[in-house]
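# Structural overview for review
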Amino acid sequence: MPSGAVAPASAFRGGSWTAQLTWKTVVAAGGFVLALIGSFTTWVTAGGEGFGAFEEDARFRIGDWLDTSSFPIDGLVVLALACGGLAAVWATAAGRIPERRGTWLVGELGAPLAILGVLQMQYISSVGGSGVGWGFGLYLVVAGGAMAALSPFAPARPVRAQH
């Protein structure tokens, strides 16, 4: 294969990538996918309506710290952490980075997602009045971040039994 060329998925670790798929990888990838979906869904509900992180003039925790609502920084941070986490999972599974470093990186990207989701919930509770609640997207961000952060403790055995 020429230098710089990307190996096909079937070449990862000498066989089918599905044969190499472990529970640790599935839990981590699933967590980051949940957080990714959560970044585009409802973060706050009020008066029967839902509002997401990318709504016009949305202001959440990081935006409040930076005193801005003109830029959806909170949603972008969640999106960046989730995409970075998926890239780390892929790079580890593909053998592009050592497994020990990849496992550490996945946990280090998952924990801030969960913490950021909880901080968003705290912020909404502190500034919202009656009838204002947390949206489903924040639950996805917290659950996904927690899954990814705890994925290093998942079994490293293959998902598919070898025959």
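See above for the structure.
These notes cover the structure that comes with them. Please read these numbers as outputs of a predicted model, since none were measured by experiment. (Residues numbered from 1 in each chain as written. Predicted model: local features only at pLDDT ≥ 70, side-chain atom pairs only at ≥ 80, totals over all residues. Heavy atoms only, no water.)

### Digging into the packing of helix 1 (residues 23-40) against helix 3 (residues 73-93)
Heads up, the rule is: All axes are obtained by fitting lines to C-alpha atoms, using only the stretch in contact for helices, and the reported angles, taken between N-to-C directions, cover 0 to 180 degrees. Segments assigned H or I by DSSP are reported as helices when at least four residues long, segments assigned E as strands when at least two residues long, and all are numbered from the N terminus. An angle counts as roughly parallel when it lies under 35 degrees, as roughly antiparallel when it exceeds 145, as roughly perpendicular when it falls between 65 and 115, and as oblique in every other case. The sense of a crossing depends on the near helix, which, turned anticlockwise from the far helix by less than a right angle, makes the crossing left-handed and, turned clockwise, makes it right-handed. Every residue pair with non-hydrogen atoms within 4.5 Å of one another is taken to be in contact. In this classification, Asp, Glu, Lys and Arg are treated as charged, Ala, Val, Leu, Ile, Met, Phe, Trp, Tyr, Cys and Pro as nonpolar, and every other residue, Gly included, as polar.
At a minimum axis distance of 9 Å, the contact between helix 1 and helix 3 shows a crossing angle of 160 degrees. With respect to helix 3, the axis of helix 1 lies roughly antiparallel. The hand of the helix 1/helix 3 crossing is left-handed. Across the interface between the two elements, Thr25, Ala28, Ala29, Phe32, Val33, Ala35, Leu36, Ser39 and Phe40 from helix 1 touch Gly75, Val78, Leu79, Leu81, Ala82, Cys83, Gly85, Leu86, Val89 and Ala93 from helix 3. Split into classes, the residues belonging to the contact of helix 1 with helix 3 amount to 15 nonpolar, 4 polar and no charged.

### A look at the sheet that holds strand 3 (residues 132-134)
Strand-to-strand pairing in sheets goes through backbone hydrogen bonds, with the strands running parallel or antiparallel. Heads up, the condition is: Strand pairing is assigned whenever DSSP identifies at least 2 bridges connecting the two strands.
Strand order in this open sheet of 3 strands is 2-1-3, and the pairing throughout is antiparallel. Each edge of the open sheet carries a strand with a single partner, namely strand 2 (49-52) and strand 3. Direction aside, neighbouring strands of the sheet carry axes that sit 30 degrees apart on average. With 3 bridges joining them, strand 1 (residues 42-46) and strand 3 adopt antiparallel strand pairing. Of the residues in strand 3, the one forming a bridge with valine 44 is tryptophan 134. Contacts between helix 4 (residues 99-127) and the sheet are confined to strand 1 and strand 3, with strand 3 contributing the most and set at about 175 degrees to the helix.

### A short note on the nonpolar core
This is how the line gets drawn: Here, nonpolar core refers to any group of buried Ala, Val, Leu, Ile, Met, Phe, Trp, Tyr and Cys residues whose side-chain atoms link them within 4.5 Å. Burial classes follow relative accessibility: with a 1.4 Å probe on protein chains only, a residue under 20% of its type's maximum area counts as buried, one over 50% as exposed, and anything between as partly exposed.
Among the nonpolar cores identified, the biggest contains 25 residues, and Phe32, Trp43, Phe60, Val78, Val106 and Leu113 are the most heavily contacted of them. Looking at this core, the elements that each hand over two or more residues are helix 1, strand 1, helix 3, helix 4 and helix 5 (136-150).

### Some words on the environment of alanine 111
Tracing the sequence through the fold places alanine 111 in helix 4. Given a relative accessible area of 27%, alanine 111 falls into the partly exposed group. Separated by 33 residues in the primary sequence, alanine 111 and glycine 144 place their C-alpha atoms 9.5 Å from one another. Excluding residues within four positions of it along the chain, alanine 111 makes contact with Gly145 and Ala149.

### Describing the packing of aromatic side chains
Each aromatic ring pair is characterised by the separation of its centres together with the angle its planes make. Our working definition: The pairing test for Phe, Tyr and Trp rings, Trp by its six-membered ring, is centres within 6.5 Å, and the orientation test on the planes gives stacked under 30 degrees, edge-to-face over 60, and tilted for anything in between.
Applying the stated criterion to the full structure yields 2 aromatic pairs. When the ring of phenylalanine 40 is compared with that of phenylalanine 54, the centres are 5.5 Å apart and the planes differ by 25 degrees; the resulting orientation is stacked. Taken together, the positions of phenylalanine 40 in helix 1 and phenylalanine 54 in the loop between strand 2 and helix 2 (61-65) put the pair 14 residues apart, joining distant regions of the chain. The exposure class of phenylalanine 54 is partly exposed, given its relative accessible area of 32%. Taken together, a centroid distance of 6.1 Å and an interplanar angle of 65 degrees make the contact between tryptophan 134 and tyrosine 139 edge-to-face. Exposure remark for tryptophan 134: the relative accessible area of 35% places this residue in the partly exposed category.

### Details of the packing of helix 4 against helix 5
In contact at an axis separation of 7 Å, helix 4 and helix 5 are set at 150 degrees when each is read in the N-to-C sense. Here helix 4 is positioned roughly antiparallel relative to helix 5, judged by the angle of their axes. Two packed elements cross with a definite hand, and for helix 4 against helix 5 that hand is left-handed. Together, Val106, Gly107, Gly110, Ala111, Leu113, Ala114, Gly117, Val118, Gln120, Met121 and Ile124 of helix 4 and Leu138, Tyr139, Val141, Val142, Gly145, Ala146, Ala148 and Ala149 of helix 5 make up the contact between the two elements. Residue classes in the contact of helix 4 with helix 5 are distributed as 14 nonpolar, 5 polar and no charged.

### Some words on the pairing of strand 1
Where strand 1 lies against strand 2, 4 bridges are found, and the strand directions are antiparallel. Note on strand 2: the bridge partner recorded for alanine 46 is glutamate 49.

### Focus: a nonpolar patch on the surface
Note the following rule: Note that patches include only residues with greater than 30% relative accessible area and no salt bridge, and the join distances are 9 Å for like charges and 5 Å for nonpolar side chains (Val, Leu, Ile, Met, Phe, Trp, Tyr). Reported accessibility uses the Shrake-Rupley method at a 1.4 Å probe radius. Residues are deemed covered only where the shown protein chains occlude them. What counts as a salt bridge is simple: a side-chain nitrogen of Lys or Arg found within 4 Å of a carboxyl oxygen of Asp or Glu.
A surface patch of nonpolar side chains, amounting to about 380 Å² of accessible area, comprises Phe40, Phe54, Phe71 and Leu76. Under the relative-accessibility criterion, phenylalanine 40 is labelled exposed at 54%.

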